[in-house]
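If you want the building blocks of each chain, they are given just below.
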Amino acid sequence: MRVVVTGGAGFIGSHLVDALLATGHEVMVIDDLSTGDLGNVNPAAAFRQLDIRIPAAGEVIRRWRPEVVSHHAAQMSVSRSVREPLLDADINLHGSLLLLEAARDVGARFVFASSGGALYGHADVLPTDEDQPPRPVSPYAVSKLAFEHYLGCYGALHALSHAVLRYANVYGPRQNPHGEAGVVALFCKALMDGRPVVINGDGCYTRDYVYVDDVVRANLLALNSHATGPFNVGTGRQVDVNQLFQLVSTEFGAAVEPTRGPPRPGDVRASALNCERIAKALGWRPRITLEAGLRRTAEWVREHASAAAGGVDRS
Ligand SMILES: NC(=O)c1ccc[n+]([C@@H]2O[C@H](COP(=O)([O-])OP(=O)(O)OC[C@H]3O[C@@H](n4cnc5c(N)ncnc54)[C@H](O)[C@@H]3O)[C@@H](O)[C@H]2O)c1
């Protein structure tokens, strides 16, 4: 199959590109490299450095005529969305709509990386299933939810085939440690560099951490099916940030105390996803435990640090 992966130079998108190529698909990456890295892009994929907000990105889809558009490019910082809601909407809604129009023109299936962690907000039921009402508490979550509605609307109006995957907190190799979303990457990098780790608020807020390989497998199943979802993609396990810090510290053999920073606006207190729907519809269940995933991630961070010191690039 021909698959366009937007955001394919980023963390999740680049792992998906590798898996698609390994399973015999043809891949085109569209990414503006704003947070992604060209070094993440598999050389066997075609690559166009484009902002999804400009018409040229849609034109690439119209000319290349993929069977699937897997949409991972996004403004994905919750706190930036609070500071700059117009920018968030411009990328996550306007940019996404331009891609959706192009997908409609060529009859491509559209698979969308949404956010369960953000979208359910302060949920009444934990782990939260897809029938619970979304309660977005950040502009980022609003833009993700609004685009889900556009997909539903295009499905009804134009019979556009689509699937929504609502990720929990994804972690693993290649996650950007300079952003703010990847707490595992931030902890790993700080502990690796011997820098102090800052925990925002009391650290008792919980998240559901899912390993990137499991997320990639959910994507492969979704793009090869006709299922629509929305589908949660997580583990159902709640882990608080203090516990997570202890687990990551153990991987690095570090015995340091974190410093405490102010709580971040827009953050939800507790989050975990019920993933029974995707288990029933697509046979997907997470396979990698948090402990095993953190071990793999820490190994990669160590190898990457020594490879960078020795001048070796892609891994
Ligand atoms: N990482 C998580 O825990 C998580 C959780 C829920 C949802 N998601 C969603 O998954 C997707 C991928 O996230 P990630 O963690 O890999 O982030 P990432 O920042 O590593 O990847 C995003 C990619 O999109 C590109 N991009 C950003 N704006 C763009 C634009 N205007 N035009 C073209 N390219 C652009 C970036 O350069 C980057 O390569 C996002 O849509 C994000 O909202 C991620």
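Note that the structure is predicted; figures quoted are calculated from it, not measured. Residue numbers here run from 1 along each chain, matching the order of that chain's written sequence. Local features in a predicted model are, by the rule used here, given only for residues with pLDDT of at least 70; side-chain atom pairs are given and counted only at 80 or more, and totals for whole chains, interfaces and linings are based on all residues. Hydrogens and waters are ignored; side-chain quantities use all the structure's heavy atoms.

**A short note on the site of the ligand**
Taken together, 29 residues lie around the ligand, and Phe11, Asp31, Thr35, Tyr140 and Val170 are the ones closest in. Residues adjacent in sequence count toward polar contacts only when both atoms are side-chain atoms; beyond that, a polar contact is any pair of N or O atoms within 3.5 Å, and within protein one must be able to donate a hydrogen and the other to accept it. At a separation of 3.0 Å, an oxygen atom of the ligand approaches a polar backbone atom of Gly10. Contact between the ligand and Gly36: an oxygen atom at 2.9 Å from a main-chain N or O atom of the residue. Comment: elements are numbered from the N terminus, with helices defined as DSSP H or I runs of at least four residues and strands as E runs of at least two. When residues in the shell around the ligand are grouped by element, the largest group, three residues, is from strand E5 (residues 109-115). Gly is placed with the polar residues, together with every amino acid not listed as nonpolar (Ala, Val, Leu, Ile, Met, Phe, Trp, Tyr, Cys and Pro) or charged (Asp, Glu, Lys and Arg). Here the residues of the shell around the ligand are counted per class, giving 15 nonpolar, 10 polar and four charged. Think of it this way: one heavy atom of a residue within 4 Å of a molecule or strand is enough to make that residue near it.

**Brief notes about helix H6 (residues 139-158)**
One fewer than the residue count of a helix, multiplied by 1.5 Å, yields its expected span. In this model, H6 (20 residues) spans 28 Å end to end at C-alpha, consistent with the 28 Å of a helix rising 1.5 Å per residue. In this scheme, a residue with accessible area under 20% of its type's maximum is buried, one over 50% is exposed, and one in between is partly exposed, where area comes from a 1.4 Å probe on protein chains only. By the burial criterion, the buried members of H6 are Tyr140, Ala141, Ser143, Lys144, Leu145, Phe147, Glu148, Leu151 and Tyr154. Contacts are residue-level and defined by heavy atoms, with any inter-residue pair within 4.5 Å sufficient. Against strand E4 (68-71), helix H3 (78-83), helix H4 (85-106), E5, helix H5 (116-119) and strand E6 (162-167) lie the buried residues of H6. Phi for Ala159, located one or two positions after H6, is positive at around 55 degrees.

**Some thoughts on the pairing of E4**
Judged by which residues are buried, E4 turns out to be covered on both faces: Val68 and Ser70 on one side and Val69 and His71 on the other are all buried. Should DSSP find at least two bridges between two strands, the strands are taken to pair. By the bridge criterion, four bridges tie strand E1 (residues 2-6) to E4 in an arrangement that is parallel. The residue of E4 that forms the bridge with Val4 is Val69. Relative to E5, E4 runs parallel, the two being bridged by four bridges. Paired with Val69 across the strands is Phe110, a residue of E5.

**Details of the packing of aromatic side chains**
Stacked, edge-to-face and tilted are the three classes for Phe, Tyr and Trp ring pairs, Trp counted by its six-membered ring, which pair at centre distances within 6.5 Å; planes under 30 degrees apart are stacked, over 60 edge-to-face, the rest tilted. On inspection of all chains with the given rule, the structure shows four aromatic pairs. Ring centres of Phe112 and Phe147 lie 4.8 Å apart, and the angle between their planes is 70 degrees; on these two criteria the pair is classed as edge-to-face. A residue pair is termed long-range when its members are at least 10 positions apart, and Phe112 in strand E5 and Phe147 in helix H6 qualify at 35 residues. Aromatic rings pair up to connect Phe110, Phe112 and Phe147 into one cluster. In this scheme, the term charge over a ring applies when either NZ of a lysine or CZ of an arginine sits within 6 Å of the ring centre and within 35 degrees of the ring normal. It is Arg302 that lies over the ring of Phe252; its NZ or CZ is 5.3 Å from the centre.

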